[in-house]
Amino acid sequence: MIITLDPGHGGRDPGAVGLNGTFEKEVVLDIALRCKELSNHDIRLTRSTDIFIPLRQRLAVRGSAAFISLHCNAHGNRGANGTETFFSTHTRSRALAEVAQAEMIRLLGRRNRGVKVPPGNGFAVLNVNRGIPSILLEFAFISNIEEERLLRDTNFRQRAAETINNTINNFF
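Engineer: Can you lay out the overall build of the chain for me, pointing to particular residues and giving the numbers?
Structural biologist: The helix and strand tally for the chain stands at five helices and six strands. In sequence order, the chain lays out its α and β elements as β-α-β-β-β-α-β-α-β-α-α. Here the chain has a C-alpha radius of gyration of 14 Å; the compact-globule value for 172 residues is 16 Å, and the two agree. Reported as C-alpha extents along the three principal axes, the dimensions of the chain are approximately 40 × 35 × 35 Å. Expressed as a percentage of its 172 residues, the buried residues of the chain come to 52%.

Written as structure tokens, this is what we have:
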């Protein structure tokens, strides 16, 4: 089974940057590569190096059973913390998001911010992948000094990769 992982941002787009200089694009790429190594599924990445890919081109690989976009959250309130999962309008996306959120809470131990519909018109990266279950994971807040420290930690990143692998195994 093919699963498309989308490590958010990349290249000229660093994504959010933590107070200690941690780049979201580097964290999520590392997690995606760890998941690809760990999984017994055919994991395809929208990027496997630090390159920029426009949002409208972050498409699921043909034949993918699901699309999972990986991100670190950020907020002007440095106290904001926790993990959350957003889902697309595809009928099975909410169920996939619920499995992913439960795994993130279990393995990462962060505050549960819930499973949500994206605000406004949604996230472009989910909107272009409506034909299959599509979710966007926010592992932790890179803008929170404690969670930034976790996002820099290789053990935390490995557990994040395990959450994705477990989500795939438990959902399909």
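Engineer: Give a detailed account of unusual backbone geometry, specifying residues and quantitative values.
Structural biologist: Here the phi dihedral of His9 falls at roughly 70 degrees; this positive angle occurs in a residue that is not glycine. Mapped onto the elements of the fold, His9 is located in the loop between β1 (2–7) and α1 (24–38). According to the relative accessible area criterion, His9 is buried, its value standing at 18%.

Engineer: Tell me about the environment of Asp6, and name the residues and values.
Structural biologist: Residue placement: Asp6 occurs in strand β1. Those residues in contact with Asp6 that sit more than four places away from it in its chain are Thr46, Arg58, Phe67, Ile68, Ser69, Leu70 and Val125.

Engineer: Which residues make up the sheet that holds strand β2 (residues 42–45), and what values do they have?
Structural biologist: Reading across from one edge, β2-β1-β3-β6-β4-β5 is the order of the six strands in this open sheet, with mixed pairing throughout. Since the sheet does not close on itself, it has two edges, and those belong to β2 and β5 (112–116), each with one partner. Between one strand axis and the next, the sheet turns through 20 degrees on average, direction left out of account. Pairing of strand β3 (residues 64–73) with strand β6 (residues 134–141) involves six bridges; the strand directions are parallel. Across the sheet, the residue bridging to Phe67 is Ser134, located in β6. Across the face of the sheet, helix α2 (residues 93–108) comes into contact with β3, β4 (83–87), β5 and β6 while running at roughly 170 degrees to β4.

Thresholds, definitions, all that
Residues numbered from 1 in each chain as written. Predicted model: local features only at pLDDT ≥ 70, side-chain atom pairs only at ≥ 80, totals over all residues. Heavy atoms only, no water. Helix = DSSP H or I, 4+ residues; strand = E, 2+ residues; numbered from the N terminus. Rg over C-alpha atoms; globule rule 2.2 N^0.38 Å. Buried < 20%, exposed > 50% of the residue type's maximum accessible area, 1.4 Å probe, protein only. Contact = heavy atoms within 4.5 Å. Pairing = 2+ DSSP bridges. Axes fitted to C-alpha atoms, helices over the stretch in contact; angles between N-to-C directions.

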